[in-house]
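# Examining the three-dimensional arrangement
Here's the letter readout for the chains.
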Amino acid sequence: MIKNITRKFSSCQLTENQVTDETVYLKRRQVLKQLGFAGASALLANNAQADWFSKEEVTPFTTQLLSAKNTITTDDILTPEAKVISHNNFYEFGTSKNDPIENAQQFKVNPWQLTISGEVDKPITLDYDDLYKAFPLEERIYRLRCVEAWSMVVPWIGFPLADLIKKAQPNSKAKYVAFETLYDPEQMPGQSSRRIGGGIDYPYLEGLRIDEAMNPLTLLSVGLYGKTLPAQNGAPIRLVVPWKYGFKSIKSIVAIKLMEKMPPTTWNILAPREYGFYANVNPQVDHPRWSQASERRITSGGLFARNRIETLPFNGYGEEVAHLYKNMDLRKNY
Ligand SMILES: Nc1nc2c(c(=O)[nH]1)N[C@H]1C(S)=C(S)[C@@H](COP(=O)(O)O)O[C@H]1N2
Ligand SMILES: [Mo]
């Protein structure tokens, strides 16, 4: 299921199709055609972010295949891009799955500033361009498992969070990492209305233990499907922690702070009995209101409608991360 291969991208700002992967996208395009999806390109033509399979010519590889022992991909079938960018949780733009794609289109991501501060010797500020240029970008195909029991398979583009943290030189007090989403009620309607924003106290906050943050799987993502990240997926930069429930993968990050104490996190504050700080994907521990033993994999639908699958411990990434939790009882919720 897991292969030790990743595609590395040269560090440059991504533009549409600049980093299209032939093997994946051409194949999918053929599959879609065979299934009679040729007309789908017309439906998507209005959306510049969504037309990779409307193009007759696909830009040739700008990527190199190389083996990298710390990065992984999967053989799982990718969730179609049109679904990845239209079925979202981003409560700052509304609580329905289709609210973010509708309400985030005017979201301004440039200029942007991301600061790394706290228990570090070298605080860092990344400006918009730095997000794409400061570190080598690579593609990671990860499963994303939402606590609501649906999942996707997404080809992210980004760089390991560890690269950034190392550069900031954490001191010996740095035990946790806190993350904060932009607070801008004028742009984010959910932040100015509790009804639209689902009653969350914004800004959205998340956190990891330092060893989780430094794990090679933990990614800061700036793109997906070979393009810059759409606003609704957390532009310009979001976290992806594939072995944890999706709510840990905080979007549109403006601040990363190294901390001595465990930081407060949004869903844990709101409902501590339902959402732990760790929130590792765990089929043995049900949500108080539903089972976590299985999940609905979001696919192209139709012919692939049989998509109820078993949920795997750590979302299938146990080999990479189970050692981080040796001392924890996996039958309990954390
Ligand atoms: N700032 C912020 N980050 C967020 C959320 C949110 O509402 N606000 N939702 C989370 C949840 S519950 C999930 S499942 C993922 C969804 O990411 P996607 O829309 O790219 O699939 O984003 C997470 N990050
Ligand atoms: Mo989620």
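Right above here is the structure, for reference.
First, a word on what this report is: a plain description of the structure on this page. (Residues numbered from 1 in each chain as written. Chains lettered and ligands numbered in written order. Predicted model: local features only at pLDDT ≥ 70, side-chain atom pairs only at ≥ 80, totals over all residues. Heavy atoms only, no water.)

Next up on the list: the overall build of the chain. Summing up its helical and strand segments, the chain has eleven helices and 16 strands in all. Relative to its full complement of 334 residues, the chain shows a buried share of 56%. Sequence-distant contacts in the chain: of pairs separated by 6 or more residues, those separated by 24 or more amount to 74%. Accessible surface, the chain as shown: approximately 15000 Å² in total, 52% of it carbon and sulfur. (Helix = DSSP H or I, 4+ residues; strand = E, 2+ residues; numbered from the N terminus. Buried < 20%, exposed > 50% of the residue type's maximum accessible area, 1.4 Å probe, protein only. Contact = heavy atoms within 4.5 Å. Areas by Shrake-Rupley, 256 points an atom, 1.4 Å probe, with all protein chains shown as cover.)

Right, let's get into the packing of aromatic side chains. Throughout the structure, instances matching the rule amount to 14 aromatic pairs. Taken together, a centroid distance of 6.0 Å and an interplanar angle of 80 degrees make the contact between Y176 and F277 edge-to-face. Here Y176 is found in strand β9 (residues 176-181), whereas its partner F277 is found in the loop between α10 (266-270) and β15 (294-297), with 101 residues between them in sequence. In this structure Y176 comes out as buried when scored by relative accessible area, which is 15%. Three or more aromatic residues link up through ring pairs in this structure, and these residues are Y176, F277, Y278, F314, Y325 and Y334. It is K248 that lies over the ring of F277; its NZ or CZ is 4.3 Å from the centre. (Phe/Tyr/Trp six-rings, centres within 6.5 Å; stacked < 30°, edge-to-face > 60°. Lys NZ or Arg CZ within 6 Å of the ring centre and 35° of its normal.)

Enumeration over the complete set of coordinates arrives at 13 salt bridges. In this structure, the salt-bridge partner of R140 is E138, at a minimum N-O distance of 2.8 Å. With a relative accessible area of 4%, E138 lands in the buried category. Bridged by salt links that share partners, the residues D76, R143, R145, E295 and R297 form one connected network. (Salt bridge = Lys/Arg side-chain N within 4 Å of Asp/Glu carboxyl O.)

This brings us to the nonpolar core. Counting residues in hydrophobic clusters, the biggest one holds 82 residues, and the most contacted among them are L164 and I256. Residues in contact with L164, not counting those within four places in the same chain, are L114, I116, I124, L126, F135, F159, L220 and I256. (Core = buried A, V, L, I, M, F, W, Y, C linked by side-chain atoms within 4.5 Å.)

Our focus in this paragraph is the pairing of strand β6 (residues 124-127). What you see with β6 is a clean split: I124 and L126 sit on the buried side and T125 and D127 on the side with no burial. Taking the residues that link successive antiparallel strands as the turn, the strand β5 (residues 113-118)-β6 hairpin has five residues. (Pairing = 2+ DSSP bridges.)

Near ligand 1 lie 16 residues; those nearest to it are N88, Y91, E92, S249 and K251. With respect to ligand 1, the side chain of N88 contributes an N or O atom lying 2.8 Å from an oxygen atom. T181 places a side-chain nitrogen or oxygen 3.0 Å from a nitrogen atom of ligand 1. The protein chains hide 98% of the 540 Å² of surface that ligand 1 would expose on its own. When each cavity is represented as a set of grid points, ligand 1 is found to reside in the second largest pocket. Among the residues making up the shell around ligand 1, the classes are represented as seven nonpolar, six polar and three charged. (Near = heavy atom within 4 Å. Polar contact = N/O pair within 3.5 Å; in protein donor to acceptor, adjacent residues only side chain to side chain. 1 Å grid on protein atoms, 1.4 Å probe; cavity = no way out; pocket = protein on both sides within 12 Å on 5 of 7 lines; lining within 4 Å. Sits in = over half its atoms within 2 Å of the grid points. Nonpolar A, V, L, I, M, F, W, Y, C, P; charged D, E, K, R; others polar.)

It is worth stressing that arrangement in space is one thing and function is another; only the former is reported here.
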